[in-house]
Amino acid sequence: MNSSLTSKIEPKFDSLTGVYERSAIEELAKSLLAEKHPFSVFLIDGDNFKNVNDGYGHKAGDCVIKSIAEQIKSLFDGIGFVGRFGGDEFMVVMPDIVEYDAVWAVCHDLHAKFEEFSPSEYPSIFITITVGLSRSPKDGSTYDEIFAKADKALYRGKQKGRNCFIIYLDEKHRDIKVLSSDAPSANSMQHHNTIFEILSRSDQLSQSIPCLLNFFTTNLMIDHVAVQGKSEILFSEIYSLSKARKFSFVDNSLISLNINPQTGMFYVNETAQLSKANQDTLFKILEEQQILASCYAEISYAGRFYGYLRADTTLTFRIWQRSDMDLLLTAAKAIAMALYFQHKTLEEL
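Residues numbered from 1 in each chain as written. Predicted model: local features only at pLDDT ≥ 70, side-chain atom pairs only at ≥ 80, totals over all residues. Heavy atoms only, no water.

### Regarding the confidence of the model for the chain
Confidence in the prediction of the chain, expressed as mean pLDDT, is 90, and 97% of residues score 70 or more. The least confident element of the chain, judged by mean pLDDT, is helix 1 (residues 3-6) at 70; the most confident is strand 6 (residues 224-228) at 97. (pLDDT = per-residue confidence, 0-100. Helix = DSSP H or I, 4+ residues; strand = E, 2+ residues; numbered from the N terminus.)

Below you can see the structure in the form of structure tokens.
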């Protein structure tokens, strides 16, 4: 690392991880901006960290945070400055490297650091990260502008299902509105209300279900959402930006083996896990459709089974969030109730 750059950062270090404190890494970014020195900013967030604290305790949480810091430091040693932003959030300032292909390669290498990674003390905890990146001077001339752009990219990555990296591009991300920490619950209530509003727009489910699937692909940014009956896909919506376009029916018997009887759901964040669980038939079917993550919600009510509401992502894995699955399950049960009281099956729509 250039010694003149090293001298610009205060020797203030986080006691848990040994990386720079937030104030030090922020001051470095502001100093580089003042000197018009090009740099990239990485905002790095551990995925679903709350689940670690809740399930394993704060000792395990501290171990995970330290492990994330060590993995990040091992990549940026000599090319960037690593700071802990708070909790399981980190910020990296990388001087000089700002060309798209170059930062994409660094993001790819960083993401690869966390493939099937877990702390040695807690091998059952698998750590993944979401990364948002912005660049100076391309994305702004002030710290607030650069940070806001990186934050939008990070937020977009969380919307996609986490475990990914997003490089801010103004033409793609300028209109993203980052919700405050108080907003998710209100947003969830709004989405639940929208599900019932869509399903009640028409007394014909055959008209309202396609609108509902479009809502899911657009708002949750899922490549493919479909309703499949007992032997075929009956309704299907493919996200406009999805690279994969050919999806086919998945035998319900393969899904029912995995359905959680308490929730009526089955999900897999990485379809390769199916092969490890000796479910090669299901894995190969999904692989043929380029599906890397999948979620199924049972359309059933009062003991009657109608089919599944399924959501698939391609080309990138997706860590299914409880909020996403909650919405899919709500929609599946709402469809089932409508079918039950109309005395119809999916095939009769």
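### Thoughts on the pattern of salt bridges
A side chain with one charge may pair with a side chain of the opposite charge, provided their charged atoms come close. Scanning the entire structure with this criterion turns up 7 salt bridges. Between aspartate 170 and arginine 174 there is a salt bridge, with its nearest N and O atoms 3.1 Å apart. Take aspartate 170: its relative accessible area is 32%, and that puts it in the partly exposed class. The salt bridge partner of arginine 318 is aspartate 324, with a shortest N-O separation of 3.1 Å. Looking at aspartate 324, the relative accessible area reads 8%, which means it is buried. (Salt bridge = Lys/Arg side-chain N within 4 Å of Asp/Glu carboxyl O. Buried < 20%, exposed > 50% of the residue type's maximum accessible area, 1.4 Å probe, protein only.)

### Points about the packing of aromatic side chains
Applying the stated criterion across every chain yields a total of 14 aromatic pairs. With a centroid separation of 6.0 Å and an interplanar angle of 50°, the aromatic rings of tyrosine 301 and phenylalanine 341 are classed as tilted. Of the two residues, tyrosine 301 is situated in strand 9 (residues 291-301) and phenylalanine 341 in helix 13 (residues 322-342); the sequence distance between them amounts to 40 residues. Members of the aromatic cluster, each reached through a chain of ring pairs, are Phe266, Tyr296, Phe305 and Tyr308. The ring of phenylalanine 85 carries arginine 22 above its face, with NZ or CZ at 3.8 Å from the centroid. The lysine or arginine in question, lysine 30, covers the ring of tyrosine 143, its NZ or CZ lying 5.2 Å from the ring centre. (Phe/Tyr/Trp six-rings, centres within 6.5 Å; stacked < 30°, edge-to-face > 60°. Lys NZ or Arg CZ within 6 Å of the ring centre and 35° of its normal.)

### Looking at helix 4 (residues 58-76)
Compared with the 27 Å implied by 1.5 Å per residue over 19 residues, the 27 Å span of helix 4 between its first and last C-alpha is a close match. What helix 4 keeps buried is the set Ala60, Gly61, Cys63, Val64, Ile65, Ser67, Ile68, Ala69, Gln71, Ile72, Leu75 and Phe76. Directly beyond the C-terminal end of helix 4, a positive phi value near 90° is found at glycine 78. (Expected span 1.5 Å × (residues − 1).)

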